[in-house]
There are 2 protein chains.
Amino acid sequence: MGKGITIEDVASAAGVSRQTVSRVMNQSPRVSPEARTRVEQAIAALGYVPSLAARSMAGGRSRLLLAVFESPSPETQATLGLDRLLPAGTLACSPHGYRLLLEPIAPESAPAASDAQLAATIGAVQPDGAILLPPLDSRADLRAALESRKVPVQTLHGTGAPVENPGEAAAQHLLDRGHRQIGFITGPSDPGHAEYCLAGYRSALARKGSRAHRHFVAEDRPDLGDVLDLARAWLVPTIRPTAIITMRSEAALAVLHVAQALKLAVPRDLSLIALEDDPALARSHPPVAALHDPAPDRFAAACTRMITALENRDAPRSDPPVSAITLTERASLARAPRAI
Amino acid sequence: MGKGITIEDVASAAGVSRQTVSRVMNQSPRVSPEARTRVEQAIAALGYVPSLAARSMAGGRSRLLLAVFESPSPETQATLGLDRLLPAGTLACSPHGYRLLLEPIAPESAPAASDAQLAATIGAVQPDGAILLPPLDSRADLRAALESRKVPVQTLHGTGAPVENPGEAAAQHLLDRGHRQIGFITGPSDPGHAEYCLAGYRSALARKGSRAHRHFVAEDRPDLGDVLDLARAWLVPTIRPTAIITMRSEAALAVLHVAQALKLAVPRDLSLIALEDDPALARSHPPVAALHDPAPDRFAAACTRMITALENRDAPRSDPPVSAITLTERASLARAPRAI
DNA sequence: ATGAAAGCGCTAACAT
DNA sequence: ATGTTAGCGCTTTCAT
């Protein structure tokens, strides 16, 4: 059932020509209200859905967008979060009749290899556009491979705001609340990303003249005991951080535990922020604040930008900026207890 | 560049008709070796890639497979692992000229709603098949919606082996090594899944006559202190588990820490298995064994099964079974120290 | 073994 | 505002 319903069926059911049906589907203004209604009813009655392939052939627009992402290598456990990205993007596309097509790129692939791969995909599906997902958005070779073949490219940080640094953002939040002795515990997962966040933290503190980053910076260790020891080493002395930033959520939980064992009240004596959110953070006592990267929303926004750019090839558009990072405030945050 | 190369271009470059080119692409045996070679060279020289849309229209096969998955709701943080699934599936499809198309289904969506959604997708792209990803593989309504429209369905557990229960598998591994006093710490994330694993653990122990599941079963808590307390409560007494299974990797690390603080050697005095793998487990001291769900491989296998079933509509196939769960053995495992 | 003819379902040009 | 005429790039079916 529902098989083989074509524009022709709709046309005869509505008593018009295929063209009129086509015009209705394509929102052409040159259709009389009556005709439009009859066509719409016929479409609904028959459950007609136009064939993407046929529209692609005839109209030259495939309504397919490439979602180009880096396929995780076994060791690079760095979770891209496709679980939440892809539904968001799909949802943004479908009301416009567009669809996403996956294009995984092997990490550190040679430019020639990925160029060939993209060439094959472009030839086969002729996508109307491509979204370069991080960390691929910085690969000039991919962008060139796409654009040289007339495939427009978008990234998550459209034309607007520059990328925010999570380490810097977290530090800034704490500085704004009066904290100066702010500790930072990196995550062991992705060395490059850890360095990046750490640098952001450092520059934020340096701007405010704090020297905490000389004393309270440590590397996260996989052994829980090491993290607990570290937390104790920082929190037992009189001169101690009034706030600590951790990259991993688990480290934040470990610090919280040590603080409570030492009778330090969170957040009164110590504020906590994790750079990575996790359900466990929301359920701990007290819940721990975390930075939240609205990547799914930014991906959806990128898809929408792409589509509107495609549809009105002329009209100048102003892309509403999307904030890159937000803080999920939870009870682990308070103003600095006093000046030290 | 590379734009607009059609079968016609290849045909004239090779000095043959379009049909011959088509036959070469479709592996038809009715082509002379010389002609085939000339065509293949022309294809390579021109960088020709056949248009999916055109093939779909003319041949009635879209070479598109639907990857139907449950889109995570805000609270259902249950990570499906699309990050690793999709590249694996894509890789399995591409050598055959097939592609994956995403179809997210809202969790607990009404059957009528998802039926309409699938109908729209099927009408638009006319997929040659669909893979129902867990936990959607048990939704009879989705399967019906697909199959009633002549779209063949596959799931991760092909025709072969039944689904293994992670809790049961882990318990069985330990029982095989002589353990009887085996503890189990559930995870707080997905209640249904936790119950399921716990039941598997219970039945495995019951089969061997162990009664440990009466004493050493506990619920995981988000607060680290609670988990540490629990581990101490189990490990301090003389009658204690010789092995512990945890659902969350963090809980395993916490138990490991307590054991070491109590001067219990892992794995000599205590074996540890997590039901969820994580890079941190491999880096701890000692590394902690974990169950590993080869879902990416099973997804790739499902795609391959689908494609071969599609290509040889006649030949009877025997699907090689794929093991559902494997144990990543690490230094946290040893035989039971003694009978208690 | 190869070619010629006839579409697949739709849209872009032209008509009218 | 609507209908008509050509294709889009392939695969089918039927000739040769």
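Keep in mind that this is a model prediction, so the values were computed, not measured.

## Overview of the overall build of chain A
Phase 1: In terms of helices and strands, chain A carries 14 helices and ten strands.
Phase 2: The globule rule puts the C-alpha radius of gyration for 340 residues at 20 Å, and the 26 Å found for chain A is more than 25% above it.
Phase 3: Here the C-alpha coordinates of chain A stretch approximately 85 × 45 × 40 Å along the principal axes.
Phase 4: The buried share of chain A, taken over its 340 residues, is 50%.
Phase 5: Restricting the contact set of chain A to residue pairs at least 6 apart, pairs at least 24 apart contribute 72%.
Phase 6: Roughly 15600 Å² of accessible area belongs to chain A as shown, and the carbon and sulfur atoms make up 54% of that amount.
Phase 7: Across chain A, the centroid of the 36 positively charged side chains sits 6 Å from that of the 35 negatively charged ones.

## Some points on the UniProt feature "domain: HTH lacI-type" (unreviewed entry) in chain A
Phase 1: Following the UniProt record, one finds the feature "domain: HTH lacI-type" (unreviewed entry) at residues 5-59 of chain A.
Phase 2: This span, residues 5-59 of chain A, is 69% helix and 0% strand, and a straight line between its end C-alpha atoms measures 19 Å.

## Some words on the environment of L46 of chain A
Residues and elements named next belong to chain A.
Phase 1: Its location among the elements puts L46 in helix 3 (residues 33-46).
Phase 2: For the pair formed by L46 and A67, sequence separation is 21 residues and the distance between their alpha carbons is 33 Å.
Phase 3: L46 has contacts with I5, D9, V10 and A13, leaving out every residue within four places of it along the chain.

## Focus: the nonpolar core
Phase 1: Grouped together as the largest cluster of nonpolar side chains are 106 residues, with contacts concentrated most on I245 of chain A together with I245 of chain B.
Phase 2: If you look at the next biggest cluster of nonpolar residues, it comprises 45 residues, including L65 of chain A together with L156, F299 and L310 of chain B.

## Here's the deal with the protein's contact with DNA strand D
Phase 1: Contacts to DNA strand D come from 27 residues, most closely from S32 of chain A together with I7, Q19, S22 and Y48 of chain B.
Phase 2: Per the 4 Å cut-off to the protein, sugar and phosphate atoms form 57% of the nearby atoms of DNA strand D.
Phase 3: Between a phosphate oxygen of DNA strand D and a side-chain N or O atom of Y48 of chain B, the distance comes to 2.6 Å.
Phase 4: When residues of the surface near DNA strand D are traced back to their parent elements, those giving at least two are helix 2 (18-25) and helix 4 (52-59) of chain A together with helix 2 (18-25) and helix 4 (52-59) of chain B.
Phase 5: Of all the elements, helix 4 of chain B adds the most residues to the surface near DNA strand D, at five residues.
Phase 6: Per-class residue counts for the surface near DNA strand D are twelve nonpolar, ten polar and five charged.

## A few points about the side chain of S71 of chain B
Phase 1: With respect to the helices, strands and loops of the structure, S71 of chain B is situated in the loop between strand 1 (64-70) and helix 5 (82-93).
Phase 2: A residue is classified by how much of its surface remains accessible, and S71 of chain B, at 13% relative accessible area, is buried.
Phase 3: Residues within four places of S71 of chain B in sequence aside, it is in contact with P87 of chain A together with P104, I105, A106 and P107 of chain B.

## Focus: the protein's contact with DNA strand C
Phase 1: In the vicinity of DNA strand C, 27 residues are found, and the nearest of them are I7, Q19 and Y48 of chain A together with R23 and S32 of chain B.
Phase 2: The sugar-phosphate share of atoms of DNA strand C within 4 Å of the protein amounts to 49%.
Phase 3: Contacts to DNA strand C include A54 of chain A, whose backbone N or O atom sits 3.4 Å from a base nitrogen.
Phase 4: A distance of 3.4 Å separates a base oxygen of DNA strand C from a polar atom in the backbone of M57 of chain B.
Phase 5: At the level of secondary structure, the elements contributing two or more residues to the surface near DNA strand C comprise helix 2 and helix 4 of chain A together with helix 2 and helix 4 of chain B.
Phase 6: The element that contributes the greatest number of residues to the surface near DNA strand C is helix 4 of chain A, accounting for five residues.

## A short note on the sheet that holds strand 7 (residues 243-246) of chain B
Residue and element names in this part refer to chain B.
Phase 1: What the six strands build is an open sheet, ordered 6-5-7-8-9-10; its pairing is mixed. In this open sheet, the two edge strands, each paired with only one partner strand, are strand 6 (217-218) and strand 10 (326-328).
Phase 2: For strand 7 and strand 8 (residues 271-274), the ladder comprises four bridges, and the chain directions are parallel. Within the sheet, the bridge partner assigned to I245 lies in strand 8 and is I273.
Phase 3: The sheet strands contacting helix 11 (residues 224-235) are strand 5 (182-185), strand 6 and strand 7, and the helix crosses strand 5 at an angle near 165 degrees.

## Some points on the packing of aromatic side chains
Residues and elements named next belong to chain A.
Phase 1: One pass over the structure, following the stated rule, counts four aromatic pairs over all chains.
Phase 2: Measuring from ring centre to ring centre gives 4.7 Å for F184 and Y201, while their planes differ by 35 degrees; the resulting arrangement is tilted. One end of the pair, F184, is in strand 5 (residues 182-185); the other, Y201, is in helix 9 (residues 191-207), with 17 residues separating them in the sequence. As far as burial versus exposure is concerned, F184 and Y201 are alike and both buried.

## Considering the packing of helix 1 (residues 7-14) of chain A against helix 3 of chain A
Packed helix pairs are specified by the crossing angle of their axes together with the interaxial distance, meaning the distance between the axes.
Residue and element names in this part refer to chain A.
Phase 1: At their nearest, the axes of helix 1 and helix 3 sit 9 Å apart, and the two run at 125 degrees to each other. It follows that helix 1 is oblique to helix 3 by the angle criterion. Seen from above, helix 1 lies across helix 3 with right-handed handedness. Across the interface between the two elements, D9, V10, A13 and A14 from helix 1 touch R38, V39, A42, I43 and L46 from helix 3.
Phase 2: Along the lines of polarity and charge, the residues of the contact of helix 1 with helix 3 split into seven nonpolar, no polar and two charged.

## A few points about unusual backbone geometry
All names here are of chain B.
Phase 1: Cis geometry is found at the peptide bond from P134 to P135, where omega equals 5 degrees.
Phase 2: As for its position among the elements, P135 is in the loop between strand 3 (129-132) and helix 7 (140-147).
Phase 3: Between H285 and the following residue, P286, the backbone shows a cis peptide bond with an omega angle of -5 degrees.
Phase 4: Mapped onto the elements, P286 comes out in the loop between helix 13 (279-283) and strand 9 (289-292).
Phase 5: Of note in the backbone geometry, E108 takes a positive phi value of approximately 55 degrees without being a glycine.
Phase 6: Along the chain, E108 turns up in the loop between strand 2 (99-105) and helix 6 (111-125).

## Describing the relation of the copies chain A and chain B
Phase 1: Between chain A and chain B, the superposition needs a rotation of 180 degrees and an axial shift of 0.0 Å, giving an RMSD of 0.1 Å. Viewed as a symmetry operation, the transformation between the two copies matches a two-fold axis. Closest approach to the rotation axis within chain A is made by the C-alpha atom of A53 of chain A, at a distance of 2.3 Å.
Phase 2: Interface residue correspondence from chain A to chain B reaches 100%, placing this contact among same-surface, isologous pairings.

## Quick look at empty space enclosed by the protein
Phase 1: Counted under the stated rule, the structure contains two cavities of 30 Å³ or more.
Phase 2: Put simply, the second largest cavity is a space of about 40 Å³.
Phase 3: Residue lining of the second largest cavity: L102 of chain A together with T90, C93, Y98, R99 and L100 of chain B, and that is the complete set.
Phase 4: Those elements that provide at least two residues to the lining of the second largest cavity are helix 5 and strand 2 of chain B.
Phase 5: Class assignment of the residues belonging to the lining of the second largest cavity gives a composition of four nonpolar, one polar and one charged.

Each value, and the rule that gives it
- Residues numbered from 1 in each chain as written.
- Chains lettered and ligands numbered in written order.
- Predicted model: local features only at pLDDT ≥ 70, side-chain atom pairs only at ≥ 80, totals over all residues.
- Heavy atoms only, no water.
- Helix = DSSP H or I, 4+ residues; strand = E, 2+ residues; numbered from the N terminus.
- Rg over C-alpha atoms; globule rule 2.2 N^0.38 Å.
- Buried < 20%, exposed > 50% of the residue type's maximum accessible area, 1.4 Å probe, protein only.
- Contact = heavy atoms within 4.5 Å.
- Areas by Shrake-Rupley, 256 points an atom, 1.4 Å probe, with all protein chains shown as cover.
- Lys, Arg positive; Asp, Glu negative; His and termini not counted.
- Charge placed at Lys NZ, Arg CZ, Asp CG, Glu CD.
- UniProt positions renumbered as here; feature names shortened; annotations may be inferred.
- Core = buried A, V, L, I, M, F, W, Y, C linked by side-chain atoms within 4.5 Å.
- Near = heavy atom within 4 Å.
- Polar contact = N/O pair within 3.5 Å; in protein donor to acceptor, adjacent residues only side chain to side chain.
- Nonpolar A, V, L, I, M, F, W, Y, C, P; charged D, E, K, R; others polar.
- Pairing = 2+ DSSP bridges.
- Axes fitted to C-alpha atoms, helices over the stretch in contact; angles between N-to-C directions.
- Phe/Tyr/Trp six-rings, centres within 6.5 Å; stacked < 30°, edge-to-face > 60°.
- Parallel < 35°, antiparallel > 145°, perpendicular 65-115°, else oblique.
- Left-handed = near helix turned anticlockwise from the far one by under 90°.
- Least-squares fit on C-alpha atoms with pLDDT ≥ 70 in both.
- 1 Å grid on protein atoms, 1.4 Å probe; cavity = no way out; pocket = protein on both sides within 12 Å on 5 of 7 lines; lining within 4 Å.
- Points joined across faces, edges and corners; volume = space filled by probe spheres on them.

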